[in-house]
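# Report on the structure
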Amino acid sequence: MLDSCLARNRDPPMSSSERASSPPSGTDTREIEWQLAVPDLGIVRRWLEEHKKIGALLILPRPRQILRDTYLDTGDWRMFRAGFALRLRESSDGAEATLKSLHSAREDRADRREITEPLPEPDDWLRSAHGPVGPRVREIAGDVALKSLFTVHTTRARFAVHNPLHPADIGEIALDETEFRSPANTPLGRLQRVEVETLGAPLAALEGLVETLREQCGLEPARENKFAVGLRLAGLVTPPPM
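This write-up is about the structure you can find in this document. (Residues numbered from 1 in each chain as written. Predicted model: local features only at pLDDT ≥ 70, side-chain atom pairs only at ≥ 80, totals over all residues. Heavy atoms only, no water.)

## Some remarks on the pairing of strand S7 (residues 146–162)
So the rule is basically this: For every residue, the accessible area (1.4 Å probe, protein chains only) is compared with the maximum for its type, and the residue is labelled buried under 20%, exposed over 50%, or partly exposed between those bounds. To qualify as a helix, a DSSP run of H or I must reach at least 4 residues; to qualify as a strand, a run of E must reach at least 2; elements of each kind are numbered from the N terminus. Paired strands are those between which DSSP finds at least two bridges.
Buried residues dominate S7, accounting for 15 of its 17 residues. Summarising the sheet, strand S3 (residues 57–74) and S7 pair through 15 bridges and their orientation is antiparallel. Looking at S7, one finds that leucine 72 is bridged to serine 148. Of the strand pairs in this sheet, S7 and strand S8 (residues 171–181) are connected by eleven bridges, and their pairing is antiparallel. Within S8, the position partnered with arginine 156 by the bridge is aspartate 176.

What follows is the structure, encoded as structure tokens:
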């Protein structure tokens, strides 16, 4: 169904009255996070549960998430050539489409543009997406159909990072157990990873926390992000971005 969504969903533009009654929603931000390779997630989980305060920061458990991510592109790699990875995410919180820039602005952490749009109808998402993602995808892909590259199934344990002096959480620690599968649902491989993402706080507030996690739990910077791992496990060869 995803393979043919572009070919059959070249819908006409929304009228001005439709846009007024259904304003597009979504975000266009920079995602800043540390991606850390881990030999044993259990060690990290136990350490976080035993250390509910690290310096001035509180570590608070949050509900677990089950995520299903499908990475998509055209057969001639139009998304990749444009410098983006296209991800369709489904979870208990709903569905969303995301365009992530392929390259980080820094080497010591992921610092990338991330454009996200919530999807009311994930099974027919391209037709119903009129926020910051849908029109971009239609413009880049043209009349060429999208196809699934691989899927990523993740069980995510989450911990909020909270500074008592601030009303909102300043970051999140994610402990991911991930399985990669082919479009035919064939298992390709597994991955464990720790990700620490800033939620708008100054980076210095989280840099010390990341260093403490690395020292206490034996973590190292990950060499590949999940998109790169999925491409490698699926045996996909990409062209150079334009």
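## Comments concerning the side chain of glutamate 195
Let me state the cut-off plainly: Whether two residues are in contact is decided by their heavy atoms: any pair within 4.5 Å suffices.
Within the secondary structure layout, glutamate 195 lies in strand S9 (residues 187–198). A relative accessible area of 9% means that glutamate 195 is categorised as buried. Setting aside anything within four residues of it in sequence, one finds glutamate 195 in contact with Glu33, Trp34, Gln35, Arg156, Glu172, Ile173, Ala174, Asp176 and Lys226.

## Structural notes on unusual backbone geometry
Notably, tryptophan 77 is not glycine yet its phi reads approximately 60 degrees, a positive angle. In this structure, tryptophan 77 sits in the loop between S3 and helix H4 (78–81). Looking at tryptophan 77, the relative accessible area reads 11%, which means it is buried. Not every positive phi belongs to a glycine, and asparagine 185 is a case in point at roughly 70 degrees.

## Concerning the pairing of S9
Sheet topology note: the strand S1 (residues 27–37)/S9 ladder contains five bridges and is antiparallel. Considered in S9, the bridge of glutamine 35 is made with glutamate 195. Where S8 and S9 come together, eleven bridges link them in antiparallel fashion. Considered in S9, the bridge of threonine 178 is made with leucine 191. Where S8 hands over to S9, the hairpin turn is made up of five residues, of which asparagine 185 adopts a positive phi near 70 degrees.

## With respect to the packing of helix H3 (residues 41–50) against helix H7 (residues 204–217)
Inclusion rule: For every element, the axis is a line fit to its C-alpha atoms; helices are fit only across the contacting stretch, and the angle between N-to-C directions ranges from 0 to 180 degrees. Oblique is the label for every angle not falling under 35 degrees (roughly parallel), over 145 degrees (roughly antiparallel), or within 65 to 115 degrees (roughly perpendicular). The hand of a helix crossing depends on one turn: near helix anticlockwise from the far one by less than a right angle means left-handed, and clockwise means right-handed.
Viewed as axis vectors pointing N to C, H3 and H7 meet at an angle of 120 degrees, and their least axial separation amounts to 10 Å. Judged on the interaxial angle alone, H7 and H3 are oblique. Taken as a pair, H3 and H7 cross one another with a handedness that is right-handed. Contacts between H3 and H7 involve Val44, Trp47 and Leu48 on the former and, on the latter, Thr212, Leu213, Gln216 and Cys217.

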